[in-house]
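Summary of structural features
Here is how the chains run, residue by residue.
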Amino acid sequence: MADYTFFTNPMSRGQIVRWALHEAEANYETELVDWANKPEALLGANPIGKVPTLVHHHDQHIHVISEAAAICAYLADMELGGELGPNDHECAPYYRAMFFSAGPVEQAVTAKAMGWEVPEGREVMAGFGSYDRTVDMLAMLVSQSDYVCGNRFTMADVYVGSQVDWGLMFKSLPERPEFNAYAERMRGRDAYKVAKAIDTELIEEAQAAAS
């Protein structure tokens, strides 16, 4: 049995976790999830049936973790001796960028896509404040150095990089030099290319089967 069972659908945030699994050089097996017929094993691990969900077969224990940012952080702790996680001086930018992206960025992008407007004067009630300010903050976080934590790639770059990569692809983030430069650095990583190729092939297979 592989160390990890990875429940995913290639047209989901599971792409983030597949990239993370490859950066961590993790031993995993994939369980593809059909939206209309979710497997009992997934529902037993995660009753809301959400992907990605990761099951870690760790010694005599079984650990379940969901939410893409949390899975990224977990893999950074568990694999490669923790080298993809932050050192003492990197903890602040690492956690700041990862959870800013998982919280305010996710909220702001979703609100914009849904056409939801924060009423004037109520920005303090929304976790992201405003879309424009959130975008400015994200641009600052990815432009101060090559990577979130400086000159060293960490697992935070998988999650933040995925937000930027998807944001540019689906036009939920504006074209800005800071985003384009950061995204190109992430797309150049071997683990990104391998993971993306796997999911792209799975998507093509599903589309061919449906046609």
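Residues numbered from 1 in each chain as written. Predicted model: local features only at pLDDT ≥ 70, side-chain atom pairs only at ≥ 80, totals over all residues. Heavy atoms only, no water.

1. So, helix α5 (residues 131-143)
Its 13 residues place the ends of α5 18 Å apart at the C-alpha level, agreeing with the 18 Å of an ideal helix rising 1.5 Å per residue. Regarding α5, the residues found buried are Tyr 131, Thr 134, Val 135, Leu 138, Ala 139, Leu 141 and Val 142. For α5, the buried positions fall inside an angular range of 160 degrees around the axis, keeping them on one side. Of the exposed residues in α5, the ones pointing more than 90 degrees away from its buried face are Asp 132 and Arg 133. Residues of α5 that are buried sit in contact with α4 (91-114), α6 (155-169) and α7 (177-187). (Helix = DSSP H or I, 4+ residues; strand = E, 2+ residues; numbered from the N terminus. Expected span 1.5 Å × (residues − 1). Buried < 20%, exposed > 50% of the residue type's maximum accessible area, 1.4 Å probe, protein only. Arc of directions from axis to C-beta. Contact = heavy atoms within 4.5 Å.)

2. Considering the nonpolar core
Formed by 56 residues in total, the largest nonpolar core has its most connected members in Leu 75, Leu 138 and Met 155. Sorting the residues of this core by element identifies β1 (4-8), α1 (14-23), α3 (68-78), α4, α5, α6, α7 and α8 (190-210) as the ones contributing at least two each. Not counting residues within four places of it along the chain, the set of residues in contact with Leu 138 comprises Phe 100, Ser 101, Val 105, Val 160, Val 164, Leu 173 and Phe 179. Phe 7, Val 33, Val 51 and Val 55 belong to the second largest nonpolar core, which has five residues in total. (Core = buried A, V, L, I, M, F, W, Y, C linked by side-chain atoms within 4.5 Å.)

3. Some points on the packing of aromatic side chains
In total, this model carries six aromatic pairs according to the counting rule given. With 6.1 Å between their ring centres and 70 degrees between their planes, Trp 166 and Phe 170 make a pair best called edge-to-face. A residue is classified by how much of its surface remains accessible, and Trp 166, at 23% relative accessible area, is partly exposed. Under the relative-accessibility criterion, Phe 170 is labelled exposed at 57%. Here a set of aromatic residues connected by ring pairs shows up, and it is made of Tyr 94, Tyr 95 and Phe 99. The positively charged end of Lys 112 is found above the aromatic ring belonging to Tyr 131, 4.7 Å away from the centroid. Cation over ring: Arg 189 sits above Phe 153, and NZ or CZ is 3.5 Å from the ring centre. (Phe/Tyr/Trp six-rings, centres within 6.5 Å; stacked < 30°, edge-to-face > 60°. Lys NZ or Arg CZ within 6 Å of the ring centre and 35° of its normal.)

4. Structural notes on α3
Taken across its 11 residues, α3 has eight buried, putting it largely inside the fold. Residues of α3 that are buried: Ala 68, Ala 69, Ile 71, Cys 72, Ala 73, Tyr 74, Leu 75 and Ala 76. In this structure, the buried residues of α3 make contact with β1, α1, β3 (53-58), β4 (61-66), α4 and α6. Leu 80 lies just past α3 and shows a positive phi near 55 degrees.

5. Notes on the sheet that holds strand β2 (residues 28-32)
Taken together, four strands build an open sheet; the order of strands is β2-β1-β3-β4 and the sheet is mixed. Each edge of the open sheet carries a strand with a single partner, namely β2 and β4. Each strand of the sheet is rotated relative to its neighbour by a mean of 20 degrees, with strand direction disregarded. Alignment of β1 against β3, held across four bridges, turns out to be antiparallel. Counterpart to Thr 5 in the pairing with β3 is Val 55. Along the sheet, α1 makes contact with β1, β2 and β3, crossing β1 at roughly 155 degrees. Seen against the sheet, α3 touches β1, β3 and β4 and runs at an angle of roughly 140 degrees to β4. (Pairing = 2+ DSSP bridges. Axes fitted to C-alpha atoms, helices over the stretch in contact; angles between N-to-C directions.)

6. Section: the packing of α5 against α7
In the contact formed by α5 and α7, the axes pass within 9 Å of each other and the chain directions differ by 50 degrees. In terms of orientation, α5 lies oblique with respect to α7. Of the two possible hands of crossing, α5 and α7 adopt the one that is left-handed. Here α5 contributes Val 135, Leu 138, Ala 139, Val 142 and Ser 143 to the contact with α7, which in turn contributes Glu 178, Phe 179, Tyr 182 and Arg 185. Along the lines of polarity and charge, the residues of the contact of α5 with α7 split into six nonpolar, one polar and two charged. (Parallel < 35°, antiparallel > 145°, perpendicular 65-115°, else oblique. Left-handed = near helix turned anticlockwise from the far one by under 90°. Nonpolar A, V, L, I, M, F, W, Y, C, P; charged D, E, K, R; others polar.)

7. Some remarks on the side chain of Arg 18
Tracing the sequence through the fold places Arg 18 in helix α1. Setting aside chain neighbours within four positions, we find Arg 18 in contact with Phe 6, Thr 8, Tyr 28, Thr 30, Ala 195, Ile 198, Asp 199 and Leu 202.

Honestly, that's just the spatial picture; any functional story needs more than this.
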